[in-house]
Amino acid sequence: MDRTVITSACPLDCPDACSLEITVEDGRVTKLDGDRRNPETQGFICNKVRRFHERLYGPDRLLHPGVRAGGKGEGRFRRASWDEALDLVAAKLEEARSRHGGESILPFCYGGSNGLLTQDAADARLFHRLGASWLARTVCAATSGRACSGLYGGMPGVGYQDYVHARLIVLWGANPSVSGIHLVPYVLEARRRGAKLVVVDPRRTPLARQADLHLAVRPGADLPLALAVIRWLFAAGRADLEFLAAHAAGTGELRRRAEPWTPERAAAAAGVPAADIEAFARLYADAAPAVVRCGWGVERNRHGGSAVAAVLALPAVAGKLGVRGGGYTLSNAESWSLDTSAAVGAEPPPVRTLNMNRLGRHLTEPLAPPVSLLFVYNSNPLATLPNQRRVRAGLAREDLFTVVFDPVLTDTARYADVVLPATTFLEHGELRAGYGAPVLQRGRPVVAPAGEARSNHEVFLELCRRLGLQRPGDAETLDDFVRAAVSGLENAGEVLAALDSEGIAVPASGLHPVQMVDLTPGTADGRIHLCPEELDREAPGGLYRFEDEAERIEADGGPYPLALLSPAGSRTICSTLGELDRRGPVLELHPDDARRYGIAAGDAVRAHNEWGEVRAVARLSPDLRPGVTLLEKGMWLRNAPARSTVNALIPDHLSDLAGGACFSDARVAVERIGGGSLEHQEGGEDQGGGGSP
């Protein structure tokens, strides 16, 4: 047996950016494990990625191109050669551009689980030169990124290793036990050294069970809680006025907007005791250093941008910046200024922008020009986007030509006219910057592609050639794109050398710089903007505005009395690896709510609202706050009874900043399904499109 161990790097949608050891036996990956080149991840990896080789060689792997041979949604394709498939795709792209203009082409991509060489690289050259519509990739992180950029100019946050220096750690809307597991050991070490822990989350997460204070905030009500803490800091004389005068703008306006939010008013809106809000504020004021880990759960509602801004304002108001272990962590992607546009060789054209969260509307409502060709890659929109019923209806359009380029036959791919088999990160070269652990890593292929799979790089360049879009002097190789990406860095030569020799590089500021010492705000004037004008103009009614309807709904019952959470689960990364999770949906309820609705553990239930319904098995969980129910995200429709998942219940309205998704605004009614098990109610395999979920 030929056995070797090869180093690589994980590009999947997680902050940690693990470095990997891949065991290859006779040309096949047999094991994935961590290595220690990334000092932040300490040589261990999550169980999700340990299973990745099951995706490489599983029954859902696409091994050759296919052309639709049945109805949309049936997932039946006849085998085609690459030449036939690419000729057809190129012809349809040219036809769409000729008949309706380039904007009738919509490239749909969300590359959270991909690196810089599979998104906004060769693909950008193709779609820019075609004049295709621009996709606003806002399903995650856009809202919080806009808030952070407005306040701090995107200043990177506290590094994982510095959490051990904190005397208080606040985990706000983050559950690192499931997403970003490498922060957990640093939190536990800080606890061993005497640090206090506060968790703000609607459910009792594993770290919330160990916390000194758990604030089980009502979903979507983080904003009044944060404003109440800000108000308390000013009212109690605990705001650092000297720091604010020297480094911040908009202090008076923030104070004015926080003033109405007494602990009592915030308690009513957020659903937590006023005494606990004051206790939190006092703990935060007294602790030095204190660090806030703001997660992406905070942004996923109509007030999400304002909520993130208020949470990130806390370290400035309380004077927690400027010391090791103090400040905030959101995304550390800003540690790297990487840009492949020089290698792309095409500027974004002045075309319309379509928000990905409203894909269903874009495909089913009148547009001028209509979307006549959809090219899906690096994503599985049917399983991940709001308003799943509308997305499905759009994909079922017979006049829509859909290309899906993916390693596996996803739910979305079943609606394709052409499927193209893509390589995984273990079969092609990749460049990835971590957004928690701020390392830059280059992965190289460790095995040959399965079947006839090809990389994004080679397929998009080939489409450029077939469409006559190549130009003399265009960058061609992956090395060209890597060099272009790092060329703007002050230490570009050192970074390239480190990537070539070790496969990993660290930013010029190091792995754990101190905010306001080694790093300064990236705003135009170098100051922290606590109420930035551009955000105030963008947010409907102004930044930090909160309209509460959840309290009224819970008080009078309403048609949909339960708030719905859809957090990450332990088996998928977004929907990546969802084909391996065949358990079916599990809906969690607090025991008090289960008694109220006559539901027992193991019952078949339906959760429904005006957007759709999901059928699931009930599980009782005292870790949820009453009035909240939970369905994990990431499940595939084919593994769900009634062929619908939690996204069937998610509204497609947008957050106050950047047009983000509002997953946490969903409200549902839940009822027991009588007569038989869930499996007897519906078949589990997706047999076709159309109809209500």
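Just so it is clear, the structure is predicted and the values come from calculations on it, not from any experiment.

### Re the overall build of the protein chain
And then number 1: Of regular secondary structure, the protein chain possesses 23 helices and 27 strands.
And then number 2: By principal-axis analysis of the C-alpha atoms, the protein chain measures approximately 70 × 65 × 55 Å.
And then number 3: In the protein chain, which comprises 693 residues, the share counted as buried stands at 62%.
And then number 4: For the protein chain, the exposed area adds up to about 24100 Å²; of that, 48% sits on carbon and sulfur atoms.
And then number 5: Of the charged side chains in the protein chain, 77 are positive and 86 negative, and the gap between their average positions amounts to 3 Å.

### Let's talk about the environment of T477
And then number 1: On the secondary structure map, T477 appears in the loop between helix 17 (456–466) and helix 18 (478–486).
And then number 2: With 394 residues separating them along the chain, T477 and D83 place their C-alpha atoms 21 Å apart.
And then number 3: Looking at T477, its side chain comes within polar contact range of the main-chain nitrogen of D480, at 3.0 Å.

### What about the state of the cysteines?
And then number 1: Under the criterion given, the structure shown has zero disulfides.
And then number 2: C140 carries a free sulfur, and the closest cysteine sulfur to it, the one in C574, is 6.8 Å from it.
And then number 3: Just so you know, C148 is unpaired, no disulfide at all, and the nearest cysteine sulfur is the one on C294, 8.9 Å from it.
And then number 4: Using a relative accessible area of 1% as the deciding quantity, one classes C148 as buried.

### Observations regarding helix 12 (residues 304–318)
And then number 1: The first and last C-alpha atoms of helix 12 sit 22 Å apart over 15 residues, in line with the 21 Å expected at 1.5 Å per residue.
And then number 2: At L312, helix 12 is bent by approximately 25°, the largest bend along its length, and proline P315 sits one to four residues beyond.
And then number 3: Across the 15 residues of helix 12, 15 count as buried, placing the element largely inside the fold.
And then number 4: With its phi angle positive at about 70°, G319 sits one or two positions after the end of helix 12.

### Observations concerning the packing of aromatic side chains
And then number 1: Under the defined criterion, the tally for this structure stands at 13 aromatic pairs.
And then number 2: Between Y152 and Y328, the aromatic rings sit 4.7 Å apart at their centres with planes inclined by 45°, giving tilted as the arrangement. Separated by 176 residues along the polypeptide, Y152 in helix 5 (residues 142–152) and Y328 in strand 13 (residues 327–329) bring together distant segments of the chain. Of the two residues, Y152 and Y328, both sit in the buried class.
And then number 3: Members of the aromatic cluster, each reached through a chain of ring pairs, are F127, F375, Y377, F405 and F460.
And then number 4: Stacked on the ring of W134, the Lys or Arg R137 has its end atom at 5.7 Å from the ring centre.
And then number 5: Just above the ring of Y284 sits the side chain of K320; from NZ or CZ to the centre is 5.7 Å.

### Observations regarding empty space enclosed by the protein
And then number 1: Scanning the model with the defined rule gives two cavities of 30 Å³ or more in all.
And then number 2: Estimates place the volume of the largest cavity at around 120 Å³.
And then number 3: Lining the largest cavity are P107, D120, D123, A124, F127, H128, A132, S133, W134, L135, R137 and Y377.
And then number 4: Elements supplying a minimum of two residues to the lining of the largest cavity: helix 4 (122–130) and strand 7 (134–136).
And then number 5: Top contributing element to the lining of the largest cavity by residue count: helix 4, with four residues.
And then number 6: Taken together, the residues that form the lining of the largest cavity break down as seven nonpolar, two polar and three charged.
And then number 7: There is about 40 Å³ of room inside the second largest cavity.
And then number 8: The wall of the second largest cavity is formed by P156, G157, V158, G159, N332, S335, P438, S509, G510, L511, P513 and L519.
And then number 9: Class assignment for the residues of the lining of the second largest cavity results in six nonpolar, six polar and no charged.

### Some words on the environment of E398
And then number 1: Within the secondary structure layout, E398 lies in the loop between helix 16 (388–395) and strand 16 (401–406).
And then number 2: A relative accessible area of 54% means that E398 is categorised as exposed.
And then number 3: Put simply, E398 and Y415 are 17 residues apart on the chain and 9.9 Å apart in space, counted from C-alpha to C-alpha.
And then number 4: Ignoring sequence-local partners within four residues, the contact set of E398 consists of R68 and K72.

### Some thoughts on the nonpolar core
And then number 1: Ranked by internal contacts, the top residues of the largest apolar core, which has 72 residues, are W172 and Y544.
And then number 2: No other element matches helix 12, which puts 11 residues into this core.
And then number 3: Each residue touching Y544, except ones within four places of it in the same chain, is listed here: L151, L223, L227, L254, R257, S306, A309, A310, L530 and C531.
And then number 4: With 52 residues, the next largest nonpolar core counts L409, A413, L587 and L589 among its residues.

### Comments concerning the sheet that holds strand 1 (residues 3–9)
And then number 1: The strand order 1-2-3 describes an open sheet built from three strands, whose pairing is antiparallel. Two strands in the sheet have a free side with no partner beyond their single neighbour: strand 1 and strand 3 (28–34). Recorded for the sheet is a direction-independent mean angle of 25° between the axes of neighbouring strands.

### Here we look at the pairing of strand 17 (residues 418–421)
Side chains on a regular strand alternate between the two faces of the sheet.
And then number 1: Burial along strand 17 is two-sided: the residues V418 and L420 and V419 and P421 are all buried.
And then number 2: Where strand 4 (residues 66–68) and strand 17 come together, two bridges link them in antiparallel fashion. Its bridge partner being in strand 17, V67 is matched across the sheet by V418.
And then number 3: Of the pairings in the sheet, the one linking strand 16 to strand 17 comprises four bridges and is parallel in character. Directly across from V404, in strand 17, lies its bridge partner V419.

### Concerning the pairing of strand 25 (residues 612–620)
And then number 1: Where strand 23 (residues 586–589) meets strand 25, four bridges bridge the pair, whose relative direction is parallel. Within strand 25, the residue paired with V586 across the bridge is V617.

### Brief notes about the pattern of salt bridges
And then number 1: Evaluation of the coordinates by the stated rule reveals 57 salt bridges.
And then number 2: The shortest N-O distance in the salt bridge between E462 and R466 comes to 2.8 Å. Of the two residues, E462 and R466 are both situated in helix 17; the distance of four residues between them amounts to about one turn of the helix.
And then number 3: One salt bridge in this structure joins R571 and D581, with 4.0 Å as the shortest N-O distance. Residue R571 is found in the loop between strand 22 (562–565) and strand 23, and its partner D581 is found in the loop between strand 22 and strand 23; the two are separated by 10 residues along the sequence.
And then number 4: For R571, a relative accessible area of 36% puts it in the partly exposed group.
And then number 5: Here D581 falls in the buried class, since its relative accessible area comes to 4%.
And then number 6: Here the residues in one salt-bridge network are D83, D87, E462, R465, R466 and E476, joined through shared partners.

The rules behind the values
- Residues numbered from 1 in each chain as written.
- Predicted model: local features only at pLDDT ≥ 70, side-chain atom pairs only at ≥ 80, totals over all residues.
- Heavy atoms only, no water.
- Helix = DSSP H or I, 4+ residues; strand = E, 2+ residues; numbered from the N terminus.
- Buried < 20%, exposed > 50% of the residue type's maximum accessible area, 1.4 Å probe, protein only.
- Areas by Shrake-Rupley, 256 points an atom, 1.4 Å probe, with all protein chains shown as cover.
- Lys, Arg positive; Asp, Glu negative; His and termini not counted.
- Charge placed at Lys NZ, Arg CZ, Asp CG, Glu CD.
- Polar contact = N/O pair within 3.5 Å; in protein donor to acceptor, adjacent residues only side chain to side chain.
- Disulfide = S-S within 2.5 Å.
- Expected span 1.5 Å × (residues − 1).
- Bend = angle between axes of the 7 residues up to and from the residue.
- Phe/Tyr/Trp six-rings, centres within 6.5 Å; stacked < 30°, edge-to-face > 60°.
- Lys NZ or Arg CZ within 6 Å of the ring centre and 35° of its normal.
- 1 Å grid on protein atoms, 1.4 Å probe; cavity = no way out; pocket = protein on both sides within 12 Å on 5 of 7 lines; lining within 4 Å.
- Points joined across faces, edges and corners; volume = space filled by probe spheres on them.
- Nonpolar A, V, L, I, M, F, W, Y, C, P; charged D, E, K, R; others polar.
- Contact = heavy atoms within 4.5 Å.
- Core = buried A, V, L, I, M, F, W, Y, C linked by side-chain atoms within 4.5 Å.
- Pairing = 2+ DSSP bridges.
- Axes fitted to C-alpha atoms, helices over the stretch in contact; angles between N-to-C directions.
- Salt bridge = Lys/Arg side-chain N within 4 Å of Asp/Glu carboxyl O.

In short, geometric facts, not functional conclusions.
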